[in-house]
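Residues per chain are reported as follows:
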Amino acid sequence: MPAEQSLFEQLRDAIRAEVPVALATVVEGSFTGNKLIVWRDAESEGTLGNADLDRVVTRDARGELAAGRTGMRHYGLHGEAREEAVSVFIESFAPPPRMLIFGAVDFTAALARVAKVLGYRVTVCDARAVFATKSRFPMADEVVVDWPDRLLAEVGGDLGERDVVCILTHDAKFDVPAVVASLATDVGYIGVMGSRRTHDDRTKRLIEAGVDEAGLARLRSPIGLDIGARTPEETAVSITAEIIARRTGRDAKSLTVTDGPIHG
Amino acid sequence: MKELLDDLDRWRGAGRAVAMARVVDLEGSAPRAAGAAMAVTEDGEVSGSVSGGCVEGAVVVEALDVLAKGERRMVTFGYSDDEAFEVGLTCGGTIHLFIEPLDW
């Protein structure tokens, strides 16, 4: 990181390059306006006012960055907990969450499009080179010709709570190994497409493959919310709505029949 | 802030003074999450938003004042009832904005 760059320029370049970074700003208290740029590993840049405060906020900001959270925290003048002399706004710029879509089928293009609107980095993966092409899925960030379990063996270790896997193959030959390999990761959402009959048959095969109750309970199968979706585009909305509802812990009724906060 | 970067670059490159307003805290039902940002140039050009369109006009006024005085500040917008015609959020929530010159 060239030293002559301003904090804004360092932040801007990191955001563009999708390097995880957090910006801490004092918004109330003696050091109002002071800033600290916090990296996942490297030493922080700038200062909030003194080295003690910088050290405590660097620690907290790394935690917020790992979780992709943004919000306000309060400290004493030297970073003391349970004091409110200084208010620090910590803004996380985490890289976009990932969506892995297994199966280069009709539904894949629509799902990839909606996922891009929602800010996912989308990978389409299918073992069949004739279907898994960039020209069929121009909206995807990458199109990979490989077996799902092989791709997951490669990237699965990086997947976390914010990431999602959608298995659209509805062919036991592909989706059983894809489910088994997905369950071995910490990915936040695993949805598997198929009719009720496909689902029942697949569940039997998954149990034969050694998937236990806890593993089965992690799956959203059949994938999606019950909104009566028919077209690939409607199905994509049903799937992405389920992904959002899982993250927020809502049970996805109409707001008409519920009360309480809408965004909370 | 990500969606503002192109405009910020362009404005900075042209040597225009810019103020940035960020949602840093909120209570109750508010349309945009913490981190929502809006930038205002000294001659009143605007990028981004911090609410559903309810308070942006007032934020421009505050941002120009921040640029004129060169001082950073917190500004709070809450609920305003229809009869008062005051600037506020119709959704009933409260948002706290930090507004500062982009001089860092």
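Small disclaimer: the values here were computed from a predicted structure and weren't measured.

K.L.:
Before we move on, can you summarise unusual backbone geometry with the specific residues and values?
P.N.:
Residues and elements named next belong to chain A. That bond from serine 221 to proline 222 is cis: its omega, -5 degrees, falls within 30 degrees of zero. As for its position among the elements, proline 222 is in the loop between β11 (219–220) and α8 (232–248). In this structure, arginine 82 takes a positive phi of about 55 degrees despite not being glycine. Residue placement: arginine 82 occurs in the loop between β4 (71–75) and β5 (86–93).

K.L.:
Residue-level account of the layout of surface pockets, with values.
P.N.:
Estimates place the volume of the largest pocket at around 1,700 Å³. If you trace the largest pocket, you find 45 residues lining it, with Gly68, Arg162 and Arg247 of chain A together with Ala33 and Ala34 of chain B closest to the centre. Listing elements by their share of the lining of the largest pocket, those giving two or more residues are α1 (7–16), β5 and α8 of chain A. Considering each element in turn, the lining of the largest pocket owes the most residues, four residues, to α8 of chain A. Residues of the lining of the largest pocket, tallied by class, amount to 25 nonpolar, nine polar and 11 charged.

K.L.:
Tell me about the sheet that holds β11 of chain A, residues and numbers included.
P.N.:
Residue and element names in this part refer to chain A. Taken in spatial order, the six strands of this open sheet run β8-β7-β6-β9-β10-β11, and their pairing is parallel. In this open sheet, the two strands that pair with only one neighbour each are β8 (142–145) and β11. Here strand β9 (residues 164–167) runs beside strand β10 (residues 189–192); their pairing, made up of four bridges, is parallel. The residue of β10 that forms the bridge with valine 165 is isoleucine 190.

K.L.:
If you had to explain the sheet that holds β5 of chain A to someone new, which residues and values would you point to?
P.N.:
Residue and element names in this part refer to chain A. One open sheet holds the five strands; their spatial order is β3-β2-β1-β5-β4, and the pairing between them is antiparallel. A strand with exactly one partner marks an edge of an open sheet, and here the two such strands are β3 (45–47) and β4. Pairs of neighbouring strands in the sheet enclose a mean axial angle of 30 degrees, with direction left out of account. Note that strand β1 (residues 21–28) and strand β2 (residues 35–39) share five bridges and pair antiparallel. Counterpart to leucine 23 in the pairing with β2 is isoleucine 37. Strands in contact with α1 are β1, β2, β3 and β5; relative to β2, the strand with the most contacts, it is inclined by about 30 degrees. Packed on one face of the sheet, helix α2 (residues 51–67) meets β1, β2, β3, β4 and β5 and runs near 40 degrees to β5.

K.L.:
Go over the nonpolar core, please, and point to the residues and values.
P.N.:
Residues and elements named next belong to chain A. Counting residues in each nonpolar core, the largest one holds 25 residues, and the members touching the most others are Met99, Leu111, Val122, Cys166, Leu168, Ile239 and Ile243. Among the secondary structure elements, those contributing two or more residues to this core are β6 (98–102), α3 (106–117), β7 (121–126), β9 and α8. Tallying contributions element by element places α3 first for this core, with five residues. Apart from residues lying up to four places away in sequence, cysteine 166 is in contact with Met99, Leu100, Ile101, Phe102, Leu111, Tyr189, Gly191, Ile223, Ile239 and Ile243. The next biggest cluster of nonpolar side chains, apart from the first, holds 22 residues, and it includes Cys125, Val187, Val192 and Leu206.

K.L.:
Describe the interface of chain B and chain A, and please don't skip the residues or the numbers.
P.N.:
In this complex, chain B contributes 22 residues to the contact, which on the side of chain A involves 23 residues. Regarding the contact of chain B and chain A, the summed buried area is about 2,000 Å², with carbon and sulfur atoms giving 64% of it. Contact with chain A buries surface across chain B, with Leu5, Arg22 and Trp104 of chain B losing the most and accounting together for 29% of the total. Inspection of the region where chain B meets chain A yields six salt bridges. Between arginine 12 of chain B and glutamate 9 of chain A there is a salt bridge, with the nearest N and O atoms lying 2.8 Å from each other. Those elements that place two or more of their residues in the side of chain B that touches chain A are α1 (5–13), β1 (18–27) and β5 (94–101) of chain B. Ranked by residues supplied to the side of chain B that touches chain A, first place goes to α1 of chain B with five residues. Of the residues that constitute the side of chain B that touches chain A, the class distribution is 12 nonpolar, two polar and eight charged.

K.L.:
Tell me about the state of the cysteines, and name the residues and values.
P.N.:
Residue and element names in this part refer to chain A. Considering all chains together, one arrives at zero disulfides over all chains under this definition. This cysteine, cysteine 125, is not joined by any disulfide, and cysteine 166 carries the nearest cysteine sulfur, 13 Å off. On the accessibility criterion, cysteine 125 (2% relative accessible area) is buried. Residue class for cysteine 166 comes out buried when judged on its relative accessible area of 0%.

K.L.:
Residue-level account of the packing of α1 of chain A against α1 of chain B, with values.
P.N.:
Relative to each other, α1 of chain A and α1 of chain B sit at 145 degrees, their axes nearing to 11 Å. The two elements α1 of chain A and α1 of chain B meet at a crossing, and its hand is left-handed. Contacts between α1 of chain A and α1 of chain B involve Phe8, Glu9, Arg12, Ile15 and Arg16 of chain A on the former and, on the latter, Leu5, Asp6, Leu8, Asp9 and Arg12 of chain B. Classifying every residue of the contact of α1 of chain A with α1 of chain B gives four nonpolar, no polar and six charged.

K.L.:
Tell me about the domain arrangement of chain A, and please be specific about residues and values.
P.N.:
It is common to give the size of an interface as the accessible area that goes away when the parts come together. Taken as a whole, chain A is organised into domain 1 (7–93) and domain 2 (98–257). Measuring from the centre of the C-alpha atoms in domain 1 of chain A to the corresponding centre in domain 2 of chain A gives 35 Å.

K.L.:
Explain α3 of chain A to me, using residue names and the numbers behind them.
P.N.:
Residues and elements named next belong to chain A. Residues of α3 that are buried include every one of Thr108, Ala109, Ala110, Leu111, Ala112 and Ala115, and no others. Each element contacted by the buried residues of α3 is listed here: β6, β7, β9 and α8. In the stretch just after α3, glycine 119 is the one whose phi turns positive, near 95 degrees.

Reading the values: the criteria
Residues numbered from 1 in each chain as written. Chains lettered and ligands numbered in written order. Predicted model: local features only at pLDDT ≥ 70, side-chain atom pairs only at ≥ 80, totals over all residues. Heavy atoms only, no water. Helix = DSSP H or I, 4+ residues; strand = E, 2+ residues; numbered from the N terminus. 1 Å grid on protein atoms, 1.4 Å probe; cavity = no way out; pocket = protein on both sides within 12 Å on 5 of 7 lines; lining within 4 Å. Points joined across faces, edges and corners; volume = space filled by probe spheres on them. Nonpolar A, V, L, I, M, F, W, Y, C, P; charged D, E, K, R; others polar. Pairing = 2+ DSSP bridges. Axes fitted to C-alpha atoms, helices over the stretch in contact; angles between N-to-C directions. Contact = heavy atoms within 4.5 Å. Core = buried A, V, L, I, M, F, W, Y, C linked by side-chain atoms within 4.5 Å. Buried < 20%, exposed > 50% of the residue type's maximum accessible area, 1.4 Å probe, protein only. Buried area = accessible area lost by both parts, 1.4 Å probe. Salt bridge = Lys/Arg side-chain N within 4 Å of Asp/Glu carboxyl O. Disulfide = S-S within 2.5 Å. Left-handed = near helix turned anticlockwise from the far one by under 90°. Domains from an automatic or database assignment.

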